[in-house]
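Listed below are the residues making up each chain.
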Amino acid sequence: MKKAFKLMSVMAMSALLVMTMAACSGNGTNTGNEATAKPDAEKPALKRLNVWQNEEYNAYPVAKLLEEKTGYKVQYDMLPQDKWAEKLNLIMSSGEAYDIVTSYNDMALYSDYAQKGALVDLTPLIDEYGPNIKAAIKPESMEALKVNGKLYALPVTVTYDINSSILIRTDWLDKLGLSVPTTTEELTNVLTQFKEKDPGGNGDRNVPLTIKGDQSMIDNLVGAFGIANTWNDVDGKLVPRVMDPAFKDYVAYVGNLYEKGLIDREFVANKDATAKEKFASGVAGAIVVHWADIPAISDSLAKTKPEAKFAFVPALKGPNGEAGFAANAGFDRLTFIPKASKHPEDAIKWINASLEPETFKNMAIGVEGTHYKVVDGAYEPIQPIFTDERNLANNYMAGTDEENYPQYWQARVRKNPVMFDAFNFLNNEQPAEVKIKNVLGLAPYMQQYSKTNQQLSTMVGDYTVKLIAGAESIDGLADFQSKFMSAGGEAASKEINDWYATTK
């Protein structure tokens, strides 16, 4: 499921990394043909560092499966759940001899390692030992990960397009004789009726639409104003939302909802859990959530409001007829081989063997008739064995069969019918034209953008919340835009558009 991870600076580690790389640079590749000549019994044991999971890696059934299929025994260690990047920096700086490292996608971190000589260039190894890798991972995915023309990592790509929308109580709509809104005007009317007629019977506690405090850019609504993604095409150039002419219109619309009491008056103070509790307890009539949140919300409503029904709102059309969801593109995780690896050739051979088509499918969803069944061409899990033996399979992947994995992966969301219905509505039932691809998702590493993106995003988010809540006036937008550009927005914009021009 989708997660957010902070980009973390590694500049403090630079000097130590440089010394470490110099010390271990002699271990970058094996010479001779020893690896290719070994019989299976003599393959070296490999060490792999992975993302955190709540079960022991070495004891999980997928570990045994991969050992049988690849002929390699792998010792798995994991990064901590919190502050994983800090721990990874320490491990990389120490020169600990991991053969394979998989981390969450952090392009700044990855690029820094690559430029400091901490990683093995994978291209020659893949050329010699990686036919399955070449067949499984698309060239454009590899191209997006090149640093100074060299490939130092393999990706696990995102597997679905749309994350979130407005979830609305359809039983409240039924009480009022209303339909699920399809335009921003209809949404305003629905929320007004929720406030004035209180179909949930909550009295003073009634909340038409609740959101969390850092949710300044409301999924679906931003698309209705033509700014679905953080950077959007305006007259052939990529423009950040706060510099987009439509930003004013978006803020005016959402600010008006807040002023009229149609958005939670307490939203600025809401944590994620606070907003969800308001909806799950029946106090709020609508909320913005990820489809993966649906099972927990459904279970809570079944206890507190058993009559409750809900559905996602489709892409809303705005005043100018625009509509759209931000559509994911890019990578979830990256796998690389540190220069300190003692067995880089064998590491690539292991990854290659794991991407043999039938082995990969078995790893991803198991054996037909045991772990899954095919119903009307779709993969459906057989429970409980699917969850017991394949639920954590994605953590073992060092790359994916990019053509087929999105279909295999959907077996996971079919574990819960309510969750699958929500996922299916957003990802399979929305028309292609409202899925607005995040152009930067497959962009190469860009230094200025990576260096300032987090800071600028926080600036814009905080400012937008203040505009919506009336703590700032839109009259000050030009001054804020100047601050944004001088804080790194100008340099990032030039860098991004220099690259964007090459894609046309």
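Worth saying up front: this structure is predicted, and the values here are computed from it rather than measured. Within any chain, residue numbers begin from 1 and follow the written order of that chain's sequence. Residue-level local features of this predicted model are given only where pLDDT is at least 70; pairs of side-chain atoms are given and counted only at 80 or more, and the full residue set underlies all totals for whole chains, interfaces and linings. The basis for the side-chain values is all heavy atoms of the structure; hydrogens and waters are excluded.

### With respect to the overall build of the chain
We count it as follows: Secondary structure follows DSSP: runs of H or I at least 4 residues long count as helices, runs of E at least 2 residues long count as strands, and numbering of each begins at the N terminus. Exposure is judged per residue with a 1.4 Å probe applied to protein chains only, and the accessible area is read against the type maximum: over 50% gives exposed, under 20% gives buried, and values in between give partly exposed. It only takes one pair of heavy atoms within 4.5 Å for two residues to be counted as in contact. In short, Shrake-Rupley with a 1.4 Å probe defines the accessible areas, and a residue's cover is counted only from the protein chains shown.
The number of helices and strands found in the chain is 21 helices and 16 strands. Dimensions along the principal axes, computed over C-alpha positions, put the chain at roughly 75 × 55 × 35 Å. Of all 504 residues assigned to the chain, the portion counted as buried reaches 54%. Residue pairs at least 24 apart in sequence account for 78% of intrachain contacts in the chain once pairs closer than 6 positions are excluded. Of the accessible surface of the chain, which amounts to about 22200 Å², a share of 49% is contributed by carbon and sulfur atoms.

### Re the nonpolar core
Filter applied, for reference: Definition of nonpolar core: a set of buried residues of the types Ala, Val, Leu, Ile, Met, Phe, Trp, Tyr and Cys, connected through side-chain atoms within 4.5 Å. Boundary definitions for the domains trace back to an automatic or database domain assignment.
If you look at the biggest cluster of nonpolar residues, it comprises 96 residues, and the most contacted ones within it are Leu-88, Trp-291 and Trp-350. Both domain 1 (46-158 + 331-403) and domain 2 (164-327 + 436-502) contribute no fewer than three residues apiece to this core. Ignoring sequence-local partners within four residues, the contact set of Leu-88 consists of Leu-49, Leu-79, Val-101, Ser-103, Leu-109, Tyr-113 and Phe-336.

### A closer look at the environment of Lys-349
Mapped onto the fold, Lys-349 is located in helix α15 (residues 344-354). Residues Lys-349 and Gly-130 lie 219 residues apart in sequence; the distance between their C-alpha atoms is 6.7 Å.

### Some words on the pattern of salt bridges
Two side chains that carry opposite charge are able to pair once their charged atoms sit near each other. In plain terms, the rule: Here a salt bridge means any side-chain nitrogen of Lys or Arg lying within 4 Å of a carboxyl oxygen belonging to Asp or Glu.
Under the definition given, this model contains 15 salt bridges. Note that Lys-435 and Asp-161 form a salt bridge whose closest N and O atoms lie 3.5 Å from each other. Taken together, the positions of Lys-435 in strand β16 (residues 435-437) and Asp-161 in the loop between β6 (154-157) and β7 (164-169) put the pair 274 residues apart, joining distant regions of the chain.

### Regarding the packing of aromatic side chains
To be explicit about the condition: Only Phe, Tyr and Trp rings are paired, with Trp represented by its six-membered ring, and only when their centres lie within 6.5 Å; those with planes under 30 degrees apart are stacked, over 60 edge-to-face, the remainder tilted. For a ring to carry a charge above it, either NZ of a lysine or CZ of an arginine must fall within 6 Å of the ring centroid while also lying within 35 degrees of the normal to the ring plane.
Counted according to the given criterion, the structure contains 24 aromatic pairs. Seen in terms of ring centroids, Tyr-160 and Trp-409 are 5.3 Å apart; in terms of plane orientation they differ by 25 degrees. Their pairing is stacked. On the criterion of sequence distance, the pair formed by Tyr-160 in the loop between β6 and β7 and Trp-409 in helix α18 (residues 405-413) is long-range, its members being 249 residues apart. Like Trp-409, Tyr-160 is buried. Geometrically, the ring pair formed by Phe-225 and Tyr-253 is tilted, given 5.6 Å between the ring centres and 40 degrees between the ring planes. With Phe-225 in the loop between α11 (221-224) and β8 (231-234) and Tyr-253 in helix α12 (residues 246-259), this pair connects stretches of sequence that are 28 residues apart. Note on accessibility: Phe-225 and Tyr-253 belong to one class, buried. Note that Lys-47 overlies the ring of Tyr-98, its terminal NZ or CZ placed 4.5 Å from the centroid. Over the ring of Tyr-258 we find Arg-265; its NZ or CZ atom is 5.0 Å from the centre of that ring.

### What to know about the sheet that holds strand β2 (residues 74-78)
Put simply, the rule is: Two strands qualify as a pair provided that DSSP identifies no fewer than 2 bridges between them. For helices, the axis comes from a line fit to the C-alpha atoms of the stretch in contact; other axes are also lines fit to C-alpha atoms, and the angle between any two N-to-C directions lies between 0 and 180 degrees.
Taken in spatial order, the 5 strands of this open sheet run β2-β1-β3-β13-β6, and their pairing is mixed. The outermost strands of the open sheet, each flanked by one partner alone, are β2 and β6. The mean inter-strand angle of the sheet, taken between neighbouring strand axes irrespective of direction, is 20 degrees. Pairing of strand β1 (residues 46-50) with strand β3 (residues 100-104), which is carried by 2 bridges, proceeds in the parallel orientation. Paired with Leu-49 across the two strands is Val-101, which belongs to β3. Where α15 meets the sheet, it contacts β1, β2, β3, β6 and β13 (331-336), and its direction lies at approximately 65 degrees from that of β1.

### Some thoughts on unusual backbone geometry
For the bond running from Gln-383 to Pro-384, omega is 5 degrees, close enough to zero to count as cis. In this fold, Pro-384 is placed in the loop between β15 (378-381) and α17 (385-390). For Lys-83, which is not a glycine, the phi torsion comes out positive at approximately 50 degrees. Positive phi, normally seen in glycine, also occurs at Asp-235, with a value near 55 degrees. With respect to the element layout, Asp-235 can be found in the loop between β8 and β9 (237-240). Taking relative accessible area as the criterion, Asp-235 reaches 79% and is therefore assigned exposed.

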